[in-house]
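Here is what each chain is made of, one letter per residue.
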Amino acid sequence: MLYPGINAFIVFSGNAPSPFRFLRSLASSLPLYMTLAWVYSVAMIIKGIVSEKEARLKETVLIMGLRNIIYWMTWAVSSLLPLAISAFLLTMTLKYGKVLQYSDPSVIFVFLLVFCLATISQCFLISVFFSKANLAAACGGLIFFLLYLPHSLCYAWRDVMGFRAKLAVSLLSCVAFGFGCENFSKYEEQGIGIKWHNVGRSPQEGDPYTFIVSIAMMLFDAVLYWVLTWYIENVFPGNHLTQI
């Protein structure tokens, strides 16, 4: 294999690690690593929300005049800050650790930040089904991990899935995140990398599911999870799954 700037051929043996093989594995493994890394954070966010519900603190601040949207926005901001820091550190590691050496780090950071937003909205949705904080923390982390598992099947069947099927399964934010990882890993294999000028183009000819579609679906998921949270909390108060 001829590398740019090196006037020599390097032959990789069948057992030697190839950078392209590593990038292919990154597309399938990065969503898993992100899910596992954030299980504890997700569990703590859910526990914190349910703890306030259990202690009647939320009802107290609402009676005192705090608007419900402000309450949730406060939780969103306080939850986003630590996740954004971890996303920034991961971006720096991927870029300057020569894993995604051709990609624009700002694109990767925005991609991870959008996944953070979708994850926080997912935490809000999970929290409305619980009234006991410890139970919510235990089950919330497990539910978050279980929602990742469909991505493994989608990755295995990615070549036979149509565009509409990919959009449908992308209603799970982990799946949309996985498709985005697959896109930027393919661009990295080609020595191009994901940049702002090619986020709307697919690295695979004929595939309409581009990197920007992945970001748009995660944003849609974030809004959808928030709407479901508002609906369940306001239309079915006190009738949630574990509040019977």
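These remarks concern the structure in this document.

Analysis parameters
Residues numbered from 1 in each chain as written. Predicted model: local features only at pLDDT ≥ 70, side-chain atom pairs only at ≥ 80, totals over all residues. Heavy atoms only, no water. Core = buried A, V, L, I, M, F, W, Y, C linked by side-chain atoms within 4.5 Å. Buried < 20%, exposed > 50% of the residue type's maximum accessible area, 1.4 Å probe, protein only. Helix = DSSP H or I, 4+ residues; strand = E, 2+ residues; numbered from the N terminus. Axes fitted to C-alpha atoms, helices over the stretch in contact; angles between N-to-C directions. Left-handed = near helix turned anticlockwise from the far one by under 90°. Nonpolar A, V, L, I, M, F, W, Y, C, P; charged D, E, K, R; others polar. Expected span 1.5 Å × (residues − 1). Contact = heavy atoms within 4.5 Å.

### What about the nonpolar core?
Right, so step 1: Judged by nonpolar contacts, the single largest core of 52 residues is most densely connected at Trp-38, Phe-111, Phe-177, Phe-184, Ile-194, Phe-211 and Met-218.
Right, so step 2: Of all the secondary structure elements, the ones that give two or more residues to this core are α1 (19-54), α3 (68-96), α4 (105-127), α5 (133-146), α8 (173-189) and α9 (211-235).
Right, so step 3: For this core, the element with the most residues is α4, which contributes 12 residues.

### Examining the packing of α3 against α4
Right, so step 1: Packing of α3 against α4 leaves a shortest axis separation of 8 Å and a crossing angle of 145 degrees. In the packing of α3 onto α4, the handedness of the crossing is right-handed.
Right, so step 2: Here the residues of the contact of α3 with α4 sort into 20 nonpolar, three polar and one charged.

### Thoughts on α9
Right, so step 1: Here α9 contains 25 residues, and its C-alpha end-to-end distance of 36 Å stays within 8% of the 36 Å for a straight helix at 1.5 Å per residue.
Right, so step 2: Taken as a whole, α9 has its buried residues at Phe-211, Val-213, Ser-214, Ile-215, Met-217, Met-218, Asp-221, Ala-222, Tyr-225, Thr-229, Ile-232 and Glu-233.
Right, so step 3: In this structure, the buried side of α9 is in contact with α2 (57-63), α3, α4, α7 (163-169) and α8.

### Some words on the environment of His-151
Right, so step 1: If you trace the backbone, His-151 turns up in helix α6 (residues 150-156).
Right, so step 2: Look at His-151 and you get buried, because its relative accessible area is 2%.
Right, so step 3: Residues His-151 and Phe-177 lie 26 residues apart in sequence; the distance between their C-alpha atoms is 9.1 Å.

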